[in-house]
Structure formats: structure tokens, C-alpha cells
Amino acid sequence: MKKAFLLGLGLAAAPAFSLAVPQAAQAEPQTAEQKIDHYASQIFRNSRAVGMTMVVVNKQQALQRFYGQTRPGSRQLPDADSVLRIASISKTMTGEVLASLAQEKRVKLDDPLQKYAPRGLALPPTEQAITLLNLASHTSGFPREMPGVKPQDTPVFVWPDQQQRWQWLSASKAKFAPGLRAQYSNLAFDFLADALAAATGRPYAALLRDKVTAPLGMRDTTFSPNASQCARLMEGYGASPCVDTSAASGSGGIYSTPRDMQRWLQDLVHPQNEARRQLRDQTFHMYFKRDELRSLRGMDVAGKADELGLGWIRMLPTPNSPEIIQKTAGGGGFIGYVAIAPKNDVAVWVGLTRSGGTHYQSMSDGVNKLVAELSGYHPETRPKPPLHLKPTLARAKPIKARIKAKAKAKPTAAKAAGQRAKKRKPA
């Protein structure tokens, strides 16, 4: 398997020029692997990551790419068994568990959350019930996070726990209006995981294993990493300790590896049997259109969120891009992004560890363009101005200096004239 190892120092030292390439060579089309390598190295460089892993499923082909270091100063290249936090991509797996239980008629999408609340606990009254679908599509009306002060030095994905969030909800005086607006909510997905566990009488971790990880052989995907998995956890800027994250099981607590993520992506692109295909199709179904909502907040990070499904976001096709089903993620020193063109059998997942200057959009834009190219599109790029039209610092600074000097010259001259007049004035 092809690997790439790039360090920030090496990139900084690269020459800022390129040799002329014959026109015939420029016109030669790139292979799919060359396109993947081009975008992967560009994403790593532009995102300023410490370490990066990428999985690409392109038709029947699956590839992995690795860059940087497992932790600052390690000089160890990530590999297929490196452990990462997939963070909010966990939400798409929660949606998959919901879709599977709905197919089995163990829950319904329009079941009210109240049905699965702890015994004796009443939700705040609403005009319409908050449903499981509302929770899974960010239309519950719940805030992004539970209000309150997170205890100091608390790791990510461990607060609030199940008891704390239900206590908050039962005491909340907020007026929730489900189904009218979309507002990104981690809290909603943790309530969803709680509800699915209550509906089945089984811990949510067991449901995830039964419906997602075990059928696909995802052995390193967990909420409770063991010592071996913690030793393989990549680290970057703002790293959080390797601890049990079951408290955020629905919203972002999953640890996984590139090997496991490849199995998951391959099943989404080419389901292994008819039952998995039906599950994939329901998981990708969209339930809310942006134009039918009063507002939408927090979901345009990687592109315009046109439709909302079970944890997934759909971006409509354009002349330069296919339909893309996607999900963004970040937390504990990691950021990630998964983008799938289901009609073109293409999927890309990137997980990376942040440096102090990591840029999310550099990653998501690069992934979207790679998905477009592998799908047969020509992604839109902003044309660069000709070299002779680019302003340079060497040219710009003297101009600014002259303008500034000219602006100062007039009051200085007037002041001097006033001083001369004062001297001539009779005593």
C-alpha cells in the first residue's frame, strides 16, 4: 500500500517555483490514484495538520493514504491501525442504528422522545412532540450543547452524562419548537442514543456493535478504548486524554481506525447484501429541505446544507459537482470529514490531528473537489490573476508610504506657514 510521509519543516523548505512542463505533458490525463495523491498531499499541506489519514473508495477500488506524524515529534507515520476520534461522524452511525431499529419496527421515526424518557420524568410542554426524527435531523429545537458550565479540566465527550442531561431537560423552562428550524445539536443526538437504548433495553454501545461494527468487522471502533488502542491514539494540538466516552455515545464519542473506516465506507458505497443496501438507502434518506425550514444554523461548514437526514447532510448537485452526502466532525484535537457521492460510487473520509493553525475548510474543500473529480466532474476553482497583474509587497509598500507622506505634508506645511506668520506679527 502506498504511503506518504511529509513533515511541516520539509514543506516549508520546498522551493516556491516550478519548472516549465511541456504542453503535451500538461494535457495528459491523470489516473485516479494520481488525483487522490494530489488532493491528499494538498489537503495535508493546506490544513497544517500534525498527522493525517485518508480513506478513498472509488468504484471497486479502496485506497488509504497517511501523512505527517502520529504525535508531534514522534516522526512516526500513521497507519491503518492508528486510532483516531471520529467525533461527530458518530452521529451518522447513530442515524444508522435508528434506521435499523425502525426497519425492525422496534421504534418509529415519529415516536415522541417522551415515550423513552426515564420513568416519572416529564419533558417541557411543546405544541408538537419532539420525535426521534427531530433528534436525528437537528430539528428538535435543542441547543448545540447543554447549558451550564462544563467542569474545569473535563475531557471531551464525557460531560454531560445521561443523568445530567435528563435532569436539565426536566427542569428546563425553554420553549422548544420542533420541526420548524434546524439548529446543530450534539445534545439531541445523545438524547437519541438514550432513547434507542431505552426502547430496546440494551446499552447503546451494544446496539452500535450489533447494527454497525460487528457486521462489518470493525474491531477497533469503540467508546471504551483498551490500553493497546490508547497507545495507538494519534495526538495533536488540544489533545484530550484517552478515556471512556460513552457519555457522548450518540453525538461524538467514537474512536476508530482507518482500517475500520474503510470497511464502513465500502459498505455504504457497495453494501454487502440486500439487507445492508436497504439499510443504507434509509440511512441516506432526507427528511427536511432547507427551503421548508424557517432557519438553518451550524450546518454549512463544508458547503450549503440543502437537505437534512439521519445525521447526514445532502448538498445538491451543481454543474461542477455531484450530489454529496456529507458530515463534518471535530473534537479532542481531531477534525474529520466524510463525503459520499452515492450515485457515482465514490466516498472519501479524512481524519487528522490539529496543529495550532489548522484550517477546516482547507480539508473539506479539498475532499469535495476530490469526490467531484473521481465522479467525473471538473470542480470549480477560483482563477489566479496573471503574474504581471499580482500586486507585490515591494510595489505596494512604497505607494502606501507616498500616500501617507503626502497626507502628512499638507498639515506640516500649514503649520510651518503659521509659525512664519506668527514671527512676522508685530508685538
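Scroll up a little and you will see the structure.
Residues numbered from 1 in each chain as written. Predicted model: local features only at pLDDT ≥ 70, side-chain atom pairs only at ≥ 80, totals over all residues. Heavy atoms only, no water.

### Some words on the packing of helix 3 (residues 32-47) against helix 12 (residues 360-374)
- Two elements in contact, helix 3 and helix 12, have axes whose closest approach is 9 Å; the angle formed by their N-to-C orientations is 170°. If you check the angle between helix 3 and helix 12, you find them roughly antiparallel. When helix 3 is examined against helix 12, the residues A32, K35, I36, Y39, I43, N46 and S47 are found in contact with a partner set consisting of S362, M363, G366, V367, K369, L370, E373 and L374.
- Within the contact of helix 3 with helix 12, the residues separate by chemical class into eight nonpolar, four polar and three charged. (Axes fitted to C-alpha atoms, helices over the stretch in contact; angles between N-to-C directions. Helix = DSSP H or I, 4+ residues; strand = E, 2+ residues; numbered from the N terminus. Parallel < 35°, antiparallel > 145°, perpendicular 65-115°, else oblique. Contact = heavy atoms within 4.5 Å. Nonpolar A, V, L, I, M, F, W, Y, C, P; charged D, E, K, R; others polar.)

### Thoughts on the pattern of salt bridges
- This structure, assessed with the given rule, holds 21 salt bridges.
- For the salt bridge of R65 with E33, the shortest nitrogen-to-oxygen distance reads 3.0 Å. On the criterion of sequence distance, the pair formed by R65 in strand 2 (residues 61-68) and E33 in helix 3 is long-range, its members being 32 residues apart.
- For E33, a relative accessible area of 34% translates into the label partly exposed.
- Across the pair K304 and D306 runs a salt bridge, and its minimum N-O distance is 3.9 Å.
- Bridged by salt links that share partners, the residues E274, R277, R280 and D281 form one connected network. (Salt bridge = Lys/Arg side-chain N within 4 Å of Asp/Glu carboxyl O. Buried < 20%, exposed > 50% of the residue type's maximum accessible area, 1.4 Å probe, protein only.)

### Observations regarding helix 7 (residues 186-200)
- Under the 1.5 Å per step criterion, the end-to-end length of helix 7 is 22 Å for 15 residues, consistent within 8% with the ideal 21 Å.
- Of all 15 residues in helix 7, 13 are buried; the element is thus mostly enclosed.
- Where helix 7 begins, one side-chain oxygen reaches toward the backbone nitrogen of L187, 3.4 Å away; that side chain belongs to S185. (Expected span 1.5 Å × (residues − 1). Polar contact = N/O pair within 3.5 Å; in protein donor to acceptor, adjacent residues only side chain to side chain.)

### With respect to the sheet that holds strand 11 (residues 334-341)
- Strand order in the open sheet formed by eight strands is 2-1-12-11-10-9-8-6, and the pairing between neighbours is antiparallel. With one partner strand each, in any of the chains shown, strand 2 and strand 6 (286-289) form the two edges of the open sheet. When strand polarity is set aside, the average angle formed by the axes of neighbouring strands in this sheet is 20°.
- Judged from the two bridges that link them, strand 8 (residues 307-309) and strand 9 (residues 313-315) form a sheet pairing that is antiparallel. From the neighbouring strand, E307 faces strand 9, where its bridge partner is R314.
- Sheet strands in contact with helix 3 are strand 1 (51-58), strand 2 and strand 12 (346-353), and its direction is about 30° off that of strand 2. (Pairing = 2+ DSSP bridges.)

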